[in-house]
Amino acid sequence: VKHFILHFARGGIVVGKLKETEDKEYTISGVRVVENAKENRLQLFFAGIPSKEIRSQLKENNTFRWTPSIGCWQSYLNRWCIERAKVILNSITE
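Note that the structure is predicted; figures quoted are calculated from it, not measured.

*Asks:* How should the pattern of salt bridges be read in this particular structure?
*Replies:* A pair can form between side chains of opposite charge whenever their charged atoms are brought close. This model, assessed by the stated rule, comprises 3 salt bridges. The partner of Lys 38 in a salt bridge is Asp 23, and the shortest N-O contact between them spans 3.5 Å. You can see Lys 38 sitting in the loop between β4 (31-36) and β5 (41-45) and its partner Asp 23 sitting in the loop between β2 (13-17) and β3 (24-28), a full 15 residues away along the chain. Judged by relative accessible area, Asp 23 falls into the partly exposed class, the value being 37%.

*Asks:* Even after reading the chapter, I still don't get the sheet that holds β5, so can you show me in this structure?
*Replies:* Hydrogen bonds between backbone groups are what pair the strands of a sheet, and the pairing can be parallel or antiparallel. Pairing within the open sheet is antiparallel, and its 5 strands lie in the order β3-β4-β5-β7-β6. Two strands close off the open sheet at either side, each with one partner strand: β3 and β6 (65-67). For this sheet the average axis-to-axis angle between neighbouring strands, irrespective of direction, equals 30°. The pairing of β6 with strand β7 (residues 72-76) spans 3 bridges and is classified as antiparallel. Bridge pairing in β7 links Arg 65 to Gln 74.

About the thresholds
Residues numbered from 1 in each chain as written. Predicted model: local features only at pLDDT ≥ 70, side-chain atom pairs only at ≥ 80, totals over all residues. Heavy atoms only, no water. Salt bridge = Lys/Arg side-chain N within 4 Å of Asp/Glu carboxyl O. Helix = DSSP H or I, 4+ residues; strand = E, 2+ residues; numbered from the N terminus. Buried < 20%, exposed > 50% of the residue type's maximum accessible area, 1.4 Å probe, protein only. Pairing = 2+ DSSP bridges. Axes fitted to C-alpha atoms, helices over the stretch in contact; angles between N-to-C directions.

Scope: geometric values only; no functional claims are made or implied.
Here you go:
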């Protein structure tokens, strides 16, 4: 666990913990989801090519981009993108 120290003008010191940087991995509707904290990326690994509708939803508002070098759809790792991914992936009925 990493720590940080804050120094205040009046000489007080506060020691706290930085956010954990562990990767998380889980599956939703057959899609492997990786919360890659080290790279600050949310990565979606589909078994094949997702439907045109799903691809359109992923691209909406430039949320996710196809990354051929990794073979996944990815975005920045933040709460909004995680929730958006869950909504899109839970809509898959195939």
